[in-house]
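The chain contents come next:
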Amino acid sequence: MNALSPSTHLLLVIAAPLIGAIVAWLFRSWGLAAVRQSAANTAIVTLVLAGWLVVRFLSDPAAMAGEPYGLVEFPWLVGGIFDVKLSLGLDGLSIWMFALSALLSITAVFVSWDAIRDRPAGFYVLLLVLEAAMLGVFAARDVILFYVFFEFTLVPLFFLIGIWGHDERRKAAVKFFIYTLAGSVLTFLGLLAIILWNASHTGTVTFDIAALTAAMKAHPMPMDAGGGWLQLIVFLALLAGFAVKVPIVPLHTWLPLAHVEAPTGGSVDLAGVLLKIGIYGFLRFSLPMLPEASALAAPWLFGLGVVGIIYGALVALVQTDLKRLIAYSSVSHMGYIVMGLFALTPVATEGANLQLINHGLSSAGLFALVGMIYERFHTRNIASLGGIASRAPWLTVFFMLFTFSSIGLPGLNGFVGEFMILAGSFQRAWSGVAPSFSFAYLLMAVTAVVGVVLGAWYMLWAVERAFFGPSREPPRSGHDGHDGHGHADRCDLKWHELVALAPLAVFVLWIGLTPATFLRPAAPAIRAATQASADAFAARMRDATPTAQPIARTAQLP
C-alpha cells in the first residue's frame, strides 16, 4: 500500500464508493443479495483504504505539525479569469471527519441489510454516492470543489428520504432540501465575496482555500461603518448555510422531521457526518478568514449554543417517539459543539472538534439501534415498548453503551469532549472576558452544565421505559416466527447488525480511554484556524475593559 503516493491513495479512497456504486447498479439484475453484498464489499474496502491513509497521515511529521497531506491538483475550469482546480488534501481539521465518513458508511450499509427490500439497487447506489460526497467535502481544498461536494450531499439524501422514508417522507425530504439549499446559496455568495475581495487586492482570481486564508490575513475585509461592515455581512452569509447544516436553533426545525422520516441508513449518515459539515465550515472559512466578525458574533453564537442545549433537552424530555427523542438530543448535543467552538479558547475549540467525532459515533449508534428496534416491534412509541432487555440482551448492551457515551459517562468518548468544552467555557467566563461580560458568560456556562443533567434524565428515562420492566407491546397477528400474542422471544442482534455496531463501540471506548491519540493530530490545525478570531475577541474584550481593570490573558495549553 505504501507504494501508492499519498495523493493517489487519497484519490482512490474517494473514487472507491463511486466505482462501487456503478458495480452495485450493474448487479441489480442479480437480485437483492448480490446488490447488498456488492455495497458491503465497497464500504469495507473504502474503510480499509481510508484507515490506512489515516495511519500514513499519523506517521508523517509534517502532517502532524499541521501541514496538508496527500495534496492533489489537476486543472478543472482554467481559462480567462478562472483558475478552478481539482484540489484535494487532508489536514488536522479534516482527517478525523474524513475517517468517520468511511466508518459510518459501513454502519449505514449493514443496518439497511434487512430493512431495504424495495428497489435495493437504487438505495445502495445513492448511499455509496453519498459516501463519496462526504469524503470529498472534507478533502476539498478549492472553494468551488468544496461547494460542489457541499451541495451534492443534499441530492442522495433527498432521494433516500423521499423514496425509502416513512409516512411523511416527501414532506421531510422537501423541507430538508429547501432549508439546506437556501442556506447554502447564501454561503456561496459569501464565499464569492471573499474571492472577489482578494482579486481586487491581488489582481488574481484564486479559489484555493489556503491562498484565500493567507490573503484575508494580509488584506482583511473592513469591519467598520466606513467599509460598509463588509466582513460582518460576509460572515452572516456564511452563517446562513453553516447554521442550517449544524443546525443552530432556531434554524433546526427541518432536522427532527428528516430524522424521523429517513430510513435508518440515511439517519446514520445525517446525524454522524452531515450535521458536522456546518461546524467544519466555521473552522475552515469563517474563523480564519473573517476573524473580526467572528469575534463580534462569538458571544451571540455561544449563547445560541446554550439555548440549543437546553431547548433540545427539554423537548427530548417530552417525546414519546424514541427516534424523535434521539433527534432532539442531537440538537442539544450539537449546541455543546457550537458553544465550545465560539468560546474561542484552545481547550474548548479542541474539545468541540473532538466532540464532532464523539457525537457522530454515539448518535449514529443510537439511530441504528432505534432502526433495529423498529424492524422487530414495528413501533417506536416508548409507551408501546418494554422488557426488551430480557429478549435482546446484546441489543440492550449496545444501546446502553451509546446512551452512556451520549450523556458523557467518564471512561467513554462523550465525557472527554464535553469536559473540555465546559472547562474551556468556564475558563473564558472567569478570565477571558471583560468584567461586563463575565456574569453572562458564567451564567451560560452553568446553564450548559444543567443540560448535562437533563441529557442524562431523558436518555436514562427512555431506556428504563423501553428496555426494562414488563413488556407493553400490543398483540398482533404474527408471521416470520411470531405468534398471535406478541413477538418472538429470540429477537437479539443478527450478524450484520453486530458488524454495523461493533466498530462504533470500539471507537467509543478507544477515544474515552486514550483521547490524546485523537486530540494530538488535530491540535495544530485547530489552533491555527481559530487563533486570529481568538486574538480579535481578546482585543474586543480589552477595548470593553476599564483601564483600571486589565483583562487576564486566557491560558494556553502546552
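Details of the structure are given in the entry above.
Heads up: these notes are all about the structure in this document.

1. Concerning the packing of aromatic side chains
Logical step 1: Throughout the structure, instances matching the rule amount to 30 aromatic pairs.
Logical step 2: With a centroid separation of 5.5 Å and 75° between ring planes, the pair formed by W113 and W495 is classed as edge-to-face. A residue pair is termed long-range when its members are at least 10 positions apart, and W113 in the loop between α4 (95-111) and α5 (120-139) and W495 in helix α21 (residues 495-513) qualify at 382 residues.
Logical step 3: Residue W495 is classed as exposed on the basis of its relative accessible area, which comes to 52%.
Logical step 4: Here F158 and F159 contribute two aromatic rings whose centre-to-centre distance is 5.2 Å and whose plane-to-plane angle is 75°, an arrangement assigned as edge-to-face.
Logical step 5: Among the residues examined, F158 registers a relative accessible area of 24% and is labelled partly exposed.
Logical step 6: Chaining the aromatic ring pairs together yields one cluster made of F138, F146, Y147, F150, F188, F242, Y280, F282, F285 and F342.
Logical step 7: The residue whose ring lies beneath K245 is F150, and the NZ or CZ to ring-centre distance is 4.9 Å.

2. Looking at the side chain of S105
Logical step 1: Among the secondary structure elements, S105 is positioned in helix α4.
Logical step 2: Those residues within four positions of S105 in sequence are excluded, and the remaining contacts are A43, E131, M134 and D269.

3. A short note on the pattern of salt bridges
Logical step 1: Summed over all chains, the structure comprises 11 salt bridges.
Logical step 2: Close ionic contact of K494 with D114 constitutes a salt bridge, the shortest N to O distance being 3.2 Å. Residue K494 is located in the loop between α20 (435-467) and α21, and its partner D114 is located in the loop between α4 and α5; the two are separated by 380 residues in the primary sequence.
Logical step 3: Given the relative accessible area of 40%, K494 is considered partly exposed.
Logical step 4: Linking R119 and D118 is a salt bridge whose minimum nitrogen-to-oxygen distance equals 3.1 Å.
Logical step 5: What makes D118 partly exposed here is its relative accessible area of 42%.
Logical step 6: Each of R36, D114, R117 and K494 takes part in a single network of salt bridges with overlapping partners.

4. Side note on a nonpolar patch on the surface
Logical step 1: A cluster of nonpolar residues, V185, L186, L189, L192 and L196, forms a patch on the protein surface that exposes about 410 Å² of accessible area.
Logical step 2: Along the chain, L189 falls in helix α8 (residues 169-202).

Criteria and thresholds
- Residues numbered from 1 in each chain as written.
- Predicted model: local features only at pLDDT ≥ 70, side-chain atom pairs only at ≥ 80, totals over all residues.
- Heavy atoms only, no water.
- Phe/Tyr/Trp six-rings, centres within 6.5 Å; stacked < 30°, edge-to-face > 60°.
- Helix = DSSP H or I, 4+ residues; strand = E, 2+ residues; numbered from the N terminus.
- Buried < 20%, exposed > 50% of the residue type's maximum accessible area, 1.4 Å probe, protein only.
- Lys NZ or Arg CZ within 6 Å of the ring centre and 35° of its normal.
- Contact = heavy atoms within 4.5 Å.
- Salt bridge = Lys/Arg side-chain N within 4 Å of Asp/Glu carboxyl O.
- Patch = residues over 30% accessible without salt bridge, like charges linked within 9 Å, V, L, I, M, F, W, Y side chains within 5 Å.
- Areas by Shrake-Rupley, 256 points an atom, 1.4 Å probe, with all protein chains shown as cover.

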